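Chain by chain, the residues run as shown.
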Amino acid sequence: MMKNEGKKRIWSDYQKEIADDHFFYVRSCIRQSFFPGSEQFFLNLMRKVLGKDVYEDPAHTTCTGIGYHSDIVPAATIMTVVARHFALMKEAGYKNLAVSCVTSFGLYTEILETWKHFPAELEKTREYLFKATGREFDIPENVAHTSDIVYSFRDQIAAKAKIKLVNSITGEPLKIVEHIGCHYSKMFPKSGIGGAEFPHVLSGMIDAWGGEVIDYPERRHCCGFGFRQYLVQANRGYSLSNTVKKFNSMKPYKPDMILANCPGCTMFMDKWQYTAKELEGITFGEKGESIPVLTYEELAGLVLGMNPWDLGLQYHMVQSEPLLRKLGVEINASDKYKTKDGKQMPVPQNLINV
Amino acid sequence: MNTDVVVIGGGAAGMEAAGRIAQAGYSVSVLEKKSETGGNLVNWYQLFPDRKDSREVLGYLNNVVRNEKLKMLTSTSVKSVDRQKGVYRIKTSSGEIIDTEAIVVATGFDLFKSERKEEYGYGIYENVYSSADLEKMFRAAEVKLKNGTLPQKIGMVHCVGSRDEKSGNIYCSKLCCVTAVKQAIELREMLPASKVFCFYMDMRMGGAHYEELYLEAQEKHSVNFIRGKVSEVGEAHNGKLIVKVEDTLAGRPLRMELDMLVLMAGMEMSGGGKEISELLDLDTGDNRFFKSTDNHFGSNMSNSEGVFYAGTCIAPMSIPETISHARAAAVDVIQYLKSAK
């Protein structure tokens, strides 16, 4: 068994300053497409539940991170795109950046580190941005991933919790796999809460909300996305085989759910379970079910008693009904695919765990 | 109090240097911040290459320092140092003021803190130990897992905090390889049913009789040597340790289930040495150890007049090397005192 004292010692080395209020929020391409409820609930959580000031600018664009990691977008271009985001932030009067995407967060971190060590690159970027847009920018005072921010408010969320992460039938804590994105802290361990080897950002939320973190041998293994592995179509089998390796490793621990902070990880661990079931007929949860993969906003929302359909859990491939039953969350199945004004939306086919 | 020489550190180097200086008729005070002398040696069981009990060496050193000209001040550290007119005035933690003409710095080394290599899980997984932990088990004649059973499969990770840029230590600690070989043999003798695997980068068997010990480990004790660095350690569902390593000779990755993992911790400049370097304004090298004035003929000499180095405060050394280096320091100090008078 892992010794918590040892982990706490490591965590104490990897604490970072996280701003308390007044955030400039930048969205994720993947997240707003595949599980948009997460980003919406982050704004609701911050503004309505915690009373914080969060600003988002409709002129914010993709960071072009996927292009960068696919060798399509050159470094000078992505630095200028990121500089434009900083310019929007400056124009709006904000100094604290809240980043929804782990890849974007990794890029912002990498670019800020690059500018620190190579000031000439910073000056070139200022010039490119000014020539292209007439804009100027400041370096953010604080850069946090939104999972950092939710982590920093985890105790306040726990204090307002309607439910705990406990199996309402057995009374046992839910067994939860946590998985951080590579770009969250594997490039710059000091940028992530708890570092890269034993990250605390998600496990801290699980602990605070009553669940039990599972340690399994392939805990650090890639979710299977890995950009190049997936983006090159011929490599997709490799991508899938990595995901399956990870799931086979966690299976004996009978996890009730997976908690992730990266758009790619959430998407791939969710959707590849469907693919593995279709291709090989294999599942990784108990009783032939698959394991729901949730974002930290979705989990925070459940803990705070939000309606799962308002959180957008129905947008996942692996449906979360088994988890909701364990949590004792009351759900209305007929509302699952209805709009806010009660109109019936098309019902997706071949979902799993239904 | 006046004394001819102050030796800072009461480990093997400090004891040997102090004893030799006292034998030459000079008064010596040894300041040792711990309550007992012997330094890191007290934590070791048997010594390579001939498996001599460390207590024999400690016995020798205790004899060396048994001299009426030598004063051993344990639980005493240096608080401040001033120099005026060629005399160093040292204020100790006990409030004593000592005036001396020469100082021998023998602050030794600290073992690399294995928990800094987070991926190996020291302090997190209960059956991951350091080489120093294993020595304690050997001394107690009890090598057991936390649940009280005997380990069947044991892995030894070389170069933990050595030749490792990520740890900030690009230098080779040079003794971890032979320590691993010695400990592997001891494990096989103590636990004949066990299998022992050493994961190494290179086997650096540069000392006298080291290579012979390495061959003995393979031929007589069937220790398995696998060339490859461990990338990560985890725990399996059955509680065993999962070790991922690349076998670079076979050209394939390995994933092994082990009962116990021993981390061969490297050597670093000691915390005490760092404090002394600041108090005495002594130069240190890129490896953070004290920097001698010359690597060939001045390895005992510092950048400050009247301050000399002995032992592993300048670089990793074995016990024989430490003792030889301390004797050389004594020669330099005696010559310095003679020329001053």
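Chemist: Requested: an account of the overall build of chain B, with residues and values cited.
Modeler: Within chain B, the regular secondary structure consists of seven helices and 19 strands. Reported as C-alpha extents along the three principal axes, the dimensions of chain B are approximately 70 × 35 × 35 Å. Buried residues in chain B amount to 56% of all 341 residues. Here the analysis covers contacts within chain B between residues at least 6 apart in sequence; of these, 65% occur between residues at least 24 apart.

Chemist: Kindly report on the domain arrangement of chain B, identifying the contributing residues and their values.
Modeler: Residues and elements named next belong to chain B. Split by domain assignment, chain B resolves into domain 1 (2-108 + 270-340) and domain 2 (114-267). For domain 1 versus domain 2, the distance between C-alpha centres works out to 32 Å. Carbon and sulfur atoms supply 60% of the area that domain 1 and domain 2 bury against each other, a total of about 1,800 Å² over both sides. Three residues stand out in domain 1 for area buried against domain 2, namely Tyr-45, Phe-48 and Arg-51, and they jointly supply 34% of the buried area on that side. Linking domain 1 with domain 2 are three salt bridges, by the criterion used here. Counting the contacts that link domain 1 with domain 2 gives ten residue pairs in polar contact (both at pLDDT 80 or more). Among the secondary structure elements, those contributing two or more residues to the side of domain 1 that touches domain 2 are strand E3 (46-47) and helix H2 (54-64). Taken together, the residues of the side of domain 1 that touches domain 2 sort by class into eight nonpolar, six polar and five charged.

Chemist: Which residues make up the interface of chain A and chain B, and what values go with them?
Modeler: Every contact between the two is made by 19 residues of chain A and, on the other side, 18 residues of chain B. Summing both sides of the interface, chain A and chain B together bury roughly 1,700 Å²; the carbon and sulfur share of this comes to 45%. Ranking the residues of chain A by area buried against chain B places Lys-3, Pro-217 and Arg-220 of chain A at the top, with a combined share of 30%. Between chain A and chain B we count three salt bridges in total. At the junction of chain A and chain B, the tally comes to nine residue pairs in polar contact (both at pLDDT 80 or more).

Chemist: Mind laying out the nonpolar core, listing which residues take part and the relevant values?
Modeler: Counting 97 residues, the largest nonpolar core has Leu-97, Trp-115, Ile-149, Ile-157 and Trp-209 of chain A as the members making the most contacts within it. At eight residues, helix H5 (residues 75-92) of chain A tops the list of elements feeding residues into this core. Lining this core are residues from two domains, each supplying at least three of them: domain 1 (18-146) and domain 2 (154-335) of chain A. Of all hydrophobic cores here, the second largest spans 36 residues; its members include Val-178, Val-181, Ala-184 and Met-267 of chain B.

Chemist: Explain the packing of aromatic side chains to me, using residue names and the numbers behind them.
Modeler: All chains considered together, the criterion is met by 23 aromatic pairs over all chains. Relative to Trp-272 of chain A, the ring of Tyr-230 of chain A lies with its centre 5.9 Å away and its plane at 65°, an arrangement referred to as edge-to-face. Residue Tyr-230 of chain A is found in helix H12 (residues 228-231), and its partner Trp-272 of chain A is found in helix H14 (residues 263-280); the two are separated by 42 residues along the sequence. Each ring, one from Phe-48 of chain B and one from Tyr-210 of chain B, has its centre 5.4 Å from the other, and the planes form 85°; the classification is edge-to-face. Highlighted residues: Phe-48 of chain B in the loop between E3 and strand E4 (52-53) and Tyr-210 of chain B in helix H5 (residues 210-219), separated in sequence by 162 residues. Classification of Phe-48 of chain B as buried rests on a relative accessible area of 15%.

Chemist: Explain the side chain of Asp-148 of chain A to me, and be specific about the residues and the numbers.
Modeler: All names here are of chain A. Turning to its location among the elements, Asp-148 is positioned in helix H8 (residues 146-152). Here Lys-16 takes part through its side chain, which lies 2.4 Å from a polar atom of the side chain of Asp-148. For Asp-148, the residues in contact, after removing those within four places along its chain, are Lys-16, Ile-18, Phe-105, Tyr-184, Ser-191, Ile-193 and Val-201.

Chemist: Explain the pairing of strand E5 (residues 175-179) of chain A to me, and be specific about the residues and the numbers.
Modeler: All names here are of chain A. Burial of E5 is extensive: four of the five residues sit out of reach of the surface. Here E5 pairs with strand E6 (residues 212-213) via two bridges, running parallel. Counted as the bridge partner of Lys-175 is Glu-212 from E6. Pairing of E5 with strand E7 (residues 257-260), which is carried by four bridges, proceeds in the parallel orientation. For Ile-176, the partnering residue across the bridge sits in E7 and is Met-257.

Chemist: Go over the pattern of salt bridges with me, naming the residues and quoting the values.
Modeler: Once their charged atoms are close, side chains differing in charge can pair, the charge on each being opposite to the other. Summed over all chains, the structure comprises 43 salt bridges over all chains. Between Lys-52 of chain A and Asp-20 of chain A there is a salt bridge, and its shortest N-O distance comes to 3.4 Å. Of this pair, Lys-52 of chain A sits in the loop between helix H3 (36-49) and strand E2 (54-56) while Asp-20 of chain A sits in the loop between helix H1 (4-13) and strand E1 (23-26); the two residues are 32 residues apart in sequence, bridging distant segments of the chain. A salt bridge links Glu-218 of chain A to Arg-255 of chain B; the shortest N-O distance between them is 3.3 Å. Separated into two different chains, Glu-218 of chain A in the loop between E6 and H12 and Arg-255 of chain B in strand E16 (residues 252-258) make up a pair that spans both. A single salt-bridge network, built from bridges that share partners, covers Glu-197, Glu-218 and Arg-220 of chain A together with Glu-232, Lys-244 and Arg-255 of chain B.

Chemist: Tell me about the domain arrangement of chain A, and name the residues and values.
Modeler: Residues and elements named next belong to chain A. Each assigned domain of chain A is listed with its residue range as follows: domain 1 (18-146) and domain 2 (154-335). Using only C-alpha atoms to locate each centre, domain 1 and domain 2 end up separated by 25 Å. Facing the 28 residues of domain 1 at the interface are 32 residues of domain 2. Both sides together, the interface formed by domain 1 and domain 2 hides about 2,600 Å², and carbon and sulfur atoms give 74% of it. Where domain 1 meets domain 2, there are one salt bridge. The closest approach of N and O atoms between Glu-297 and Arg-31, which form a salt bridge, is 2.5 Å. Counting residues per element, the ones that place at least two in the side of domain 1 that touches domain 2 are helix H2 (29-34), H3, helix H4 (65-69) and helix H6 (102-117).

Chemist: An account of the state of the cysteines is needed here, citing residue identities and associated values.
Modeler: All names here are of chain A. As enumerated under the stated definition, the model contains zero disulfides over all chains in all. Unpaired in terms of disulfides, Cys-101 finds its nearest cysteine sulfur in Cys-63, a separation of 6.0 Å. For Cys-101, a relative accessible area of 9% translates into the label buried. For Cys-262, which is in no disulfide, the shortest distance to another cysteine sulfur is to Cys-265 and amounts to 3.7 Å.

Chemist: Tell me what's going on with the side chain of His-85 of chain A, and back it up with residues and numbers.
Modeler: Secondary-structure assignment places His-85 of chain A in helix H5. With residues near it in sequence (within four places) discarded, His-85 of chain A still touches Phe-24, His-60, Thr-61, Thr-62, Cys-63 and Tyr-108 of chain A.

Chemist: Any details on the sheet that holds strand E4 (residues 142-145) of chain A? Residues and values, ideally.
Modeler: All names here are of chain A. Read across the sheet, four strands follow the order E2-E1-E3-E4 without closing on themselves; strand pairing throughout is parallel. Only two strands of the sheet have a single partner each, and these edge strands are E2 and E4. Across this sheet, the average inter-strand angle for adjacent strands is 30°, counted without regard to direction. The pairing of E1 with strand E3 (residues 96-99) spans four bridges and is classified as parallel. Pairing of Val-26 across the sheet is with Val-99, part of E3.

Quick notes on the rules
- Residues numbered from 1 in each chain as written.
- Chains lettered and ligands numbered in written order.
- Predicted model: local features only at pLDDT ≥ 70, side-chain atom pairs only at ≥ 80, totals over all residues.
- Heavy atoms only, no water.
- Helix = DSSP H or I, 4+ residues; strand = E, 2+ residues; numbered from the N terminus.
- Buried < 20%, exposed > 50% of the residue type's maximum accessible area, 1.4 Å probe, protein only.
- Contact = heavy atoms within 4.5 Å.
- Domains from an automatic or database assignment.
- Buried area = accessible area lost by both parts, 1.4 Å probe.
- Salt bridge = Lys/Arg side-chain N within 4 Å of Asp/Glu carboxyl O.
- Polar contact = N/O pair within 3.5 Å; in protein donor to acceptor, adjacent residues only side chain to side chain.
- Nonpolar A, V, L, I, M, F, W, Y, C, P; charged D, E, K, R; others polar.
- Core = buried A, V, L, I, M, F, W, Y, C linked by side-chain atoms within 4.5 Å.
- Phe/Tyr/Trp six-rings, centres within 6.5 Å; stacked < 30°, edge-to-face > 60°.
- Pairing = 2+ DSSP bridges.
- Disulfide = S-S within 2.5 Å.
- Axes fitted to C-alpha atoms, helices over the stretch in contact; angles between N-to-C directions.

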